[in-house]
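Structural characterization, general
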Amino acid sequence: MVTNPVHGLPFLPGSSFTDSTKTTFHRSQTLGYRNGYAVVQRPTVGIGGDRLPYNQLSQAELEELANKAPILTYGPPKQAPPSEFVPAHVVFDKKVLRFSAYFQEDVPLSTEEHYRIRQVNIYYYLEDDSMSVIEPVVENSGIPQGKLIKRQRLAKNDVGDHYHWKDLNRGINITIYGKTFHIVDCDRFTQEFLESQGIELNPPEKMALDPYTELRKEPVRKYITPSDFDQLKQFLTFDKQVLRFYAIWDDTDSLFGECRHYIIHYYLMDDTVEIREVHERNNGRDPFPLLMNRQRMPKVLVENAKNFPQCVLEISDQEVLEWYTAKDFIVGKQLTILGRTFFIYDCDPFTRQFYKDKFGMPDLPRIDVSKKEPPPVKQELPPYNGYGLIEDSAQNCFALIPKAPRKDVIKMLVNDKVLRYLAALESPIPEDKDRRFVFSYFLATDMISIFEPPVRNSGILGGKFLGRTKVVKPFSPVDNPIYYAPSDFYIGAVIEVFSHRFVILDTDEYVLKYMESNASQYSPEALASIQNRIRKQDAPAPEPEPEPEPEKYPGLQNLDILIDALQMHLKDYSCKDNLQEAFKVHDKDDSGYVDKEVFFKICDTLNVPVDDSLVKEVSLNCGLG
């Protein structure tokens with residue numbers, strides 16, 4: 001705090017000094033609270049409690065002093081001389097506002113353009129509020145240009161108002177004599193003048209361009225420095241040097257697509273590419289040697305050359321930014337040429353050596369592109385429907401026109417024999433207990449036929465019970481059926497044929513001989529049944545008069561009935577002429593009789609479908625027994 005203790009000295013620099021004995025420098029409180037509100041208080045003392053050097057006037061006294069007019073003190077003021085009058089045409093002389101605008105003009109009689117954009121300048125003269133519209137002249141445009149609207153005051157509406165500079169701004173439309181002009185920008189003087197008058201300008205817009213004029217503009221010339229590349233030197237250096245690559249085109253993702261092999265040749269003398277097709281024997285394709293003729297291949301086209309008609313015109317350097325070179329052909333990479341993506345998997349030794357010397361690639365290994373053939377699809381047959389034999393039904397799945405299944409010709413020639421068995425029907429019906437059936441098993445085809453000898457006055461029609469067919473064992477799988485074999489037929493065996501159960505009662509003599517000669521095929525139970533049969537035949541009769549054998553065909557008591565039964569058996573026999581000729585050959589005396597052994601031998605040789613018991617019954621009635 002600077003004080004002046006000597007009152008006689010003026011308070012000027014150099015005439016005052018600091019009181020070194022002062023120790024208090026606090027300031028008085030100027031803020032206080034009254035009824036919860038902050039109230040500003042004027043300080044009554046200065047820093048450290050010193051007296052303030054100015055008069056202590058209240059706020060009311062200060063306001064009263066401020067409201068006192070100076071006229072009471074200094075008298076009335078003197079009038080200032082009037083300013084010189086300047087007319088408006090002098091103030092705004094040669095001051096013009098300029099706006100850039102355009103309007104759209106329809107072109108109805110042209111096929112090349114439908115409308116035209118015309119750029120104009122709108123001038124506003126401040127000295128008399130007149131306006132003019134002038135279009136810049138374009139050489140050889142063919143359009144009358146220049147002053148479109150001469151300088152005049154332009155009507156704004158039908159009432160008679162005229163356009164004023166306050167009505168003009170950027171980004172608005174004004175209509176003059178039926179034409180709508182869109183103002184896009186103004187010059188710097190116009191912008192400063194309008195802003196000084198308090199008008200807020202809209203942001204400037206971009207001037208619209210005429211599409212037809214832009215279309216006819218010539219492209220900007222590009223000056224390219226000629227390259228120092230010597231094509232003659234390249235031709236002389238790399239003449240007859242060709243890089244050979246092996247590639248594939250995998251088109252398996254498309255419908256009927258396949259993986260095809262190609263050979264790509266790159267000619268170092270002129271950087272041209274050729275693609276050859278690899279043909280295989282019997283591949284069904286026309287023998288065209290080339291997929292693509294020798295030519296330079298563009299890698300990157302100019303932006304405007306994407307729609308270039310390449311099919312009718314040749315591509316030049318003006319449409320291409322980059323061509324394919326030798327460094328683009330690398331083993332293990334893909335290459336897109338003419339819309340096809342080729343994968344290079346190998347090259348020849350010369351190409352490997354060239355890449356090693358030129359690009360420093362010592363190793364270009366061959367890539368295996370062979371595809372493993374998928375495992376063959378297992379052909380599954382549909383489930384058996386129960387009609388016919390499963391072998392015949394399966395032929396419909398192997399060919400469009402089914403063929404008969406193959407027969408074992410050797411088996412038919414070697415085993416051209418028939419095994420016959422006498423069987424009874426297991427049935428709870430009493431009438432079926434006395435029915436007898438003759439089973440014929442054909443060794444050549446493993447088929448079974450069943451014949452029922454007719455019994456007169458039995459009420460049951462005899463004859464063919466089952467035609468030749470293979471019979472499936474019960475509980476055998478449907479897809480892989482198991483058929484009855486000769487080993488399943490023996491005395492006492494139960495045979496189930498299409499839900500009918502039969503019990504084998506007896507066999508003929510040939511069956512016994514067949515079982516003895518092929519004992520390894522039969523079970524011990526079947527062989528035991530044969531031994532029991534032979535023991536019964538060899539056992540002596542207990543009484544001098546042999547008891548007659550139990551009739552296997554009850555009801556056949558006389559010769560006429562036996563003859564009828566034989567005729568029914570031979571009804572379907574097709575070798576009757578051969579049978580008659582055989583009997584004539586053995587009847588050398590033309591007596592009409594043959595021996596019993598000769599008779600049975602002929603019947604066995606010609607496979608006569610007659611039960612042995614029936615034949616024995618006939619021989620007994622004829623006195624041959």
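Our structure is the block above this text.
Residues numbered from 1 in each chain as written. Predicted model: local features only at pLDDT ≥ 70, side-chain atom pairs only at ≥ 80, totals over all residues. Heavy atoms only, no water.

Looking now at the overall build of the chain. Regarding its fold elements, the chain presents 15 helices and 24 strands. Residue burial in the chain is summarised as follows: out of 625 residues, 28% are buried. Of the roughly 45300 Å² of accessible surface on the chain, a fraction of 53% belongs to carbon and sulfur atoms. (Helix = DSSP H or I, 4+ residues; strand = E, 2+ residues; numbered from the N terminus. Buried < 20%, exposed > 50% of the residue type's maximum accessible area, 1.4 Å probe, protein only. Areas by Shrake-Rupley, 256 points an atom, 1.4 Å probe, with all protein chains shown as cover.)

Quick look at the pattern of salt bridges now. Counted by the stated rule, this structure contains 23 salt bridges. One salt bridge in this structure joins Asp270 and Arg294, with 3.2 Å as the shortest N-O distance. Of the two residues, Asp270 is situated in the loop between strand S12 (259–267) and strand S13 (272–277) and Arg294 in strand S14 (residues 290–295); the sequence distance between them amounts to 24 residues. Asp270 sits in the partly exposed class, given a relative accessible area of 29%. A salt bridge links Arg435 to Glu452; the nearest nitrogen and oxygen atoms lie 2.8 Å apart. With Arg435 in the loop between strand S19 (418–426) and strand S20 (436–442) and Glu452 in strand S21 (residues 447–452), the pair connects residues that are 17 residues apart, well separated along the chain. Judged by its relative accessible area of 16%, Arg435 is buried. Owing to a relative accessible area of 6%, Glu452 belongs among the buried residues under this scheme. (Salt bridge = Lys/Arg side-chain N within 4 Å of Asp/Glu carboxyl O.)

This part covers the packing of aromatic side chains. Scanning all chains against the criterion turns up 20 aromatic pairs. Judged by centre distance (5.5 Å) and plane angle (90°), the rings of Tyr262 and Phe342 are edge-to-face. You can see Tyr262 sitting in strand S12 and its partner Phe342 sitting in strand S18 (residues 340–347), a full 80 residues away along the chain. Given a relative accessible area of 0%, Tyr262 falls into the buried group. A network of ring pairs unites the aromatic residues Tyr421, Phe437, Phe439, Tyr441, Phe465, Tyr484, Phe489 and Phe502 as a single cluster. Lying across the ring of Tyr267, Arg294 places its NZ or CZ 3.7 Å from the centre. Sitting above the plane of the Trp249 ring, Arg340 keeps its charged end 4.1 Å from the centroid. (Phe/Tyr/Trp six-rings, centres within 6.5 Å; stacked < 30°, edge-to-face > 60°. Lys NZ or Arg CZ within 6 Å of the ring centre and 35° of its normal.)

This part covers the pairing of strand S11 (residues 242–250). Two elements, S11 and S12, share nine bridges in a ladder whose sense is antiparallel. Across the sheet, the residue bridging to Phe245 is Ile264, located in S12. (Pairing = 2+ DSSP bridges.)

Attention shifts here to the nonpolar core. Among the nonpolar cores identified, the biggest contains 27 residues, and Phe439 and Phe489 are the most heavily contacted of them. Elements with a contribution of two residues or more to this core: S19, S20, S21, strand S23 (494–497), strand S24 (500–507), helix H10 (509–517) and helix H11 (524–538). Contact partners of Phe439, with chain neighbours within four places excluded, come to Leu419, Arg420, Tyr421, Ala423, Ile448, Ser449, Ile450, Phe489, Ile495, Val497 and Phe502. (Core = buried A, V, L, I, M, F, W, Y, C linked by side-chain atoms within 4.5 Å. Contact = heavy atoms within 4.5 Å.)

So, about the sheet that holds S13. Neighbouring strands of a sheet are bound in pairs by backbone hydrogen bonds; such pairs are parallel or else antiparallel. In space, the six strands of this open sheet follow the order S14-S13-S12-S11-S18-S17, with antiparallel pairing throughout. Sheet topology places S14 and strand S17 (334–337) at the edges, where each strand pairs with a single neighbour. For this sheet, the mean inter-axis angle between neighbouring strands, taken without regard to orientation, is 35°. One ladder, built from six bridges, connects S12 with S13; its direction is antiparallel. (Axes fitted to C-alpha atoms, helices over the stretch in contact; angles between N-to-C directions.)

Next up on the list: the environment of Leu389. Its location among the elements puts Leu389 in the loop between helix H7 (349–358) and helix H8 (390–394). As for Leu389 and Lys470, which are separated by 81 residues in sequence, their C-alpha atoms are 7.5 Å apart. Sequence-distant contacts of Leu389, that is, excluding residues within four places in its chain, are made with Tyr384, Thr469 and Lys470.

On the surface, Val409, Ile410, Leu413 and Val414 cluster together into a nonpolar patch covering about 450 Å² of accessible area. Take Ile410: it is sitting in helix H9 (residues 409–414). You can call Ile410 exposed: its relative accessible area is 62%. (Patch = residues over 30% accessible without salt bridge, like charges linked within 9 Å, V, L, I, M, F, W, Y side chains within 5 Å.)

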